[in-house]
Amino acid sequence: MFVDMLRRTGRILALIFIVINVVSAAIASGGQPPAQAPEFTSDVMPVLSKAGCNLGTCHGNLNGKGGLKLSLRGQDPGQDHEALVLAARGRRVNVAAPELSLLLLKASGGVSHGGGIRFDADSSSYRLLSHWLRSGANGPSVSAPRLIGLDVHPKQSIVTDPKDELQVQVQASFSDGTTRDVTDTACYELSNLNASVSAGGVVSREKFGETTLIVRYLNEQRPVPIAFIQSRPDFVWDDPPAFNEIDLHVFAKLKRLRINPSPLSDDSVFVRRSYLDAIGRLPTADEAREFVADQRSDKRTRLIDQLLVRPEFADYWALKWADVLRAEEKVLDTKGVEVFHGWIRDSIASAKPLDHFVRDLVTGTGNTFQQPSANFYRANRDPSTRGETTARLFLGTRLQCAKCHNHPFDRWTQDDYYQWSSLFSQIDYELGENKRQDELDKNEFAGEQTVLVSKLDEVHNPATDQVARPKYLGDNELDDQAMANRLDAMSKWLTAPENELFVQSQTNFIWYQLMGIGIVDPIDDFRLTNPPSNPPLMDALAKHFSDSGFDIRSLVGKIMKSRTYQLSSAPNETNVNDQTSYSRAYIRRLPAEVILDMQSDLLDSPANFLGYPSGIRAVQIPGVQSKEARRKSPMDGDRFLKTFGKPDRILACDCERSNETTLKQAFVLIGDGLNDRLNDPQNRIARLATSTLSDAEVVEELYWSALSRPPSDRELAAAIELINTTDGERAASVKDLFLSMVKNPSNNHRVTALQDLTWALLNAKEFLFRK
């Protein structure tokens, strides 16, 4: 109470000081009426934003800077006026002598300022703030015209060299019918480093490619997609035939950008890519040879249809969903992970529509060992986490920023955040005995839990200190009937075909898994200022997915049957710099589980995982790491998955998985369990070495098994030479000297040579990368 009294007293003193200054200023001006005073919201706030004063790196920080805290990006003019004029006993302003105001002295370099000089003393920004101060430093006016629209010209642009700049024009519309050119006072940001932008809205090319200019003025933002392309006066469009609707939209954009797509991938690349993307495993040597030899014109379509109905499809796509649904042992318990993963896999195997799958998740209650979908809420323990996770996974929306302040890059407010979180506030838990291994790990719970719907306290919005009434994200509040069963009502709203964010985000998730980059990327960041790279393509795919009844296989098949999916990764002169328009296949490292299973398939010797039966495939493992592996020393398979980026499933985000390459991975590929499997007397190498096949036939079998293609003439000659070289001659190389120390060399010369050849194939980029 005493502190509040002091604060009120300080504000009163500040107001008295301002009134005295205003009177003094009026006397000094000889009683002449001043020019129309600038309005705080529409005139002063743009200057503060343009100067960067209210950015998160400056006074817009959650804790402010140097004792001054402004609302992030100017979202609360009333708060900002109080902070500038009334707080600190009004010491930041001097309306009688504006040039002596700390507000101007610091921003113009008159006194030391941690943020440096923001504008010059002879600038229009300085003059406007000086005029506002001299006019009395008035706050936001309820009668002042409000910003109701922002028009940016051009709305999108293709800039062709030798031109390397684009001037945008920005016009603001206000509620009184007036318009204003705000090009110089609008704020500009770019989505990448392909270009730079000046304070006056001139976008300059740094390198050829696409970027998005984000134009911000007061509470409005607009994206402007811009492409800087080479003129290529001799460019001729190849006019490749489209296989389906996807190609029409992709090729229409490429033609505008003067980019020719790469040719189709050859059959060996296509069969390998299709198997790896659809079912997460290599084709066998016989499957690859049979496909390449097939002369039917529709063989690619036939292969895709066959892959979509194989049981491995459910294994592999269950892995993708288990990652983002946080199926991990510490929180869910080993049994919980097994039943949750089994339910996910069964849902995919039975072709459950994705909207039904999501509805089952967000309404899942009951014993988590008996009702598998209830594990979704077991992993998300409070209303805020449940709301953030649901929005991120099923609406492609990152809400975290709106927890503390209105979202700086999106439309979501704090009210939106807490009203959405309130939908999940009635969930409670009935806990059994916790038999966790590590008493210090508060996240671990070993045992049964039951997810309940109960009458808990509602969510409070800290900004208003009021109960947040449940509301659909970006939509209406719940009516009385919906309030009676919030989860059921929310699930129907969430998965409705009319819910554009749901349909597009789920479509984008599947596209990303196959193509390596989302149409919206990152895939969980749908917002106005992060538009799709190809809006017509997004609309067409989302419509197909919705019209199919959210059939996952239907969408996967449509994408894989497009010419776009089947393009080669080899660039041509026009698309070598393209990273977002799908003019070629983008090479990427394969996931950890897939690489390990590929090794096992090639060697015909499985990796070992502590706590799982021998022979289980890495993509079939339900969780992250068994309790045994956490308690004891993990086995070679466990270590491999960790090293190659298998996620811990702490985050509900595909971004947690790493497909980066590291030095440690190189060492793992040299040894650590791989050598034991290379020397397995029952593996493929041992069988081939003792078979009646010729050296050339053995080499061909290994190449078809590893790379889905035959060896080139040069590769075949080198391999045969290796097989026919004596052990002593081969050990002359540094590599083989090292191998001779870490391997258990066989007395069979042919076995040893084939081990070396297989080791080389296992380490080849062509083996480790999807192209």
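Below you will find a few notes about this structure.

Two numbers describe how helix 10 (residues 311-324) lies on helix 18 (residues 500-515): the axes approach to 12 Å, and their chain directions differ by 120°. What the angle tells us is that helix 10 and helix 18 run oblique. Helix 18 is crossed by helix 10, and the crossing has right-handed handedness. Here Trp317, Lys320, Trp321 and Val324 of helix 10 lie close against helix 18, whose contacting residues are Gln506, Phe509, Ile510, Gln513 and Leu514. Here the residues of the contact of helix 10 with helix 18 are counted per class, giving six nonpolar, two polar and one charged.

Of the pockets and cavities examined, the second largest pocket occupies roughly 880 Å³. The wall of the second largest pocket is formed by 35 residues, among which Tyr512, Gly516, Arg588, Asp654 and Asn659 lie closest to the centre. Only helix 7 (267-279), helix 10, helix 18, strand 16 (588-589) and strand 17 (769-770) provide two or more residues apiece to the lining of the second largest pocket. For the lining of the second largest pocket, the residue count by class is 15 nonpolar, seven polar and 13 charged.

Let us now look at the state of the cysteines. If you walk through the whole model with that rule in mind, you get one disulfide. With a sulfur-sulfur separation of 2.1 Å, cysteine 653 is cross-linked through a disulfide to cysteine 655. The S-S bond linking cysteine 653 to cysteine 655 shows a torsion near 135°; that makes this disulfide right-handed.

Turning our attention to the side chain of threonine 389. If you trace the backbone, threonine 389 turns up in helix 14 (residues 383-395). Here threonine 389 falls in the buried class, since its relative accessible area comes to 8%. A distance of 2.9 Å separates polar atoms of two side chains, one belonging to threonine 389 and the other to asparagine 380. Apart from the residues lying within four places of it in its own chain, the contact partners of threonine 389 are Phe376, Asn380 and Ala652.

The linkage connecting histidine 153 with the following residue, proline 154, adopts the cis geometry, with an omega of -5°. Mapped onto the elements of the fold, proline 154 is located in the loop between strand 1 (147-153) and strand 2 (157-160). Between aspartate 521 and proline 522 the backbone carries a cis peptide bond, its omega angle lying at 5°. Residue placement: proline 522 occurs in the loop between helix 18 and helix 19 (535-547). In the Ramachandran plot, alanine 88 falls in the positive-phi region, its phi being about 55° despite a non-glycine side chain.

One pass over the structure, following the stated rule, counts five cavities of 30 Å³ or more. Estimates place the volume of the largest cavity at around 130 Å³. Surrounding the largest cavity, 13 residues form its lining, Arg392, Leu393, Phe509, Ile523 and Asp524 being those nearest its centre. Elements supplying a minimum of two residues to the lining of the largest cavity: helix 10, helix 14 and helix 18. No other element matches helix 18, which puts three residues into the lining of the largest cavity. Residues that form the lining of the largest cavity fall into these classes: seven nonpolar, three polar and three charged.

Another point: helix 3 (residues 77-86). Across the 10 residues of helix 3, seven count as buried, placing the element largely inside the fold. Pro77, Asp80, His81, Ala83, Leu84, Val85 and Leu86 are the residues of helix 3 that are buried. Of the residues flanking the end of helix 3, it is alanine 88, one or two places downstream, whose phi is positive at about 55°.

The subject of this paragraph is the sheet that holds strand 7 (residues 195-197). Strands sit in the order 3-8-7 across an open sheet of three strands; the sheet is antiparallel. Of all the strands in the sheet, just strand 3 (165-167) and strand 7 have a single pairing partner and so form its edges. For this sheet the average axis-to-axis angle between neighbouring strands, irrespective of direction, equals 20°. The pairing of strand 3 with strand 8 (residues 202-205) spans three bridges and is antiparallel. Across the sheet, the residue bridging to glutamate 165 is serine 204, located in strand 8.

With that settled, the discussion passes to the environment of glycine 66. Considering the arrangement of structural elements, one finds glycine 66 in the loop between helix 2 (40-50) and helix 3. Looking at glycine 66, the relative accessible area reads 77%, which means it is exposed. Between the alpha carbons of glycine 66 and glutamate 715 there is a distance of 67 Å; along the sequence they are 649 residues apart.

Reading guide: rules and limits
- Residues numbered from 1 in each chain as written.
- Predicted model: local features only at pLDDT ≥ 70, side-chain atom pairs only at ≥ 80, totals over all residues.
- Heavy atoms only, no water.
- Axes fitted to C-alpha atoms, helices over the stretch in contact; angles between N-to-C directions.
- Helix = DSSP H or I, 4+ residues; strand = E, 2+ residues; numbered from the N terminus.
- Parallel < 35°, antiparallel > 145°, perpendicular 65-115°, else oblique.
- Left-handed = near helix turned anticlockwise from the far one by under 90°.
- Contact = heavy atoms within 4.5 Å.
- Nonpolar A, V, L, I, M, F, W, Y, C, P; charged D, E, K, R; others polar.
- 1 Å grid on protein atoms, 1.4 Å probe; cavity = no way out; pocket = protein on both sides within 12 Å on 5 of 7 lines; lining within 4 Å.
- Points joined across faces, edges and corners; volume = space filled by probe spheres on them.
- Disulfide = S-S within 2.5 Å.
- Buried < 20%, exposed > 50% of the residue type's maximum accessible area, 1.4 Å probe, protein only.
- Polar contact = N/O pair within 3.5 Å; in protein donor to acceptor, adjacent residues only side chain to side chain.
- Pairing = 2+ DSSP bridges.

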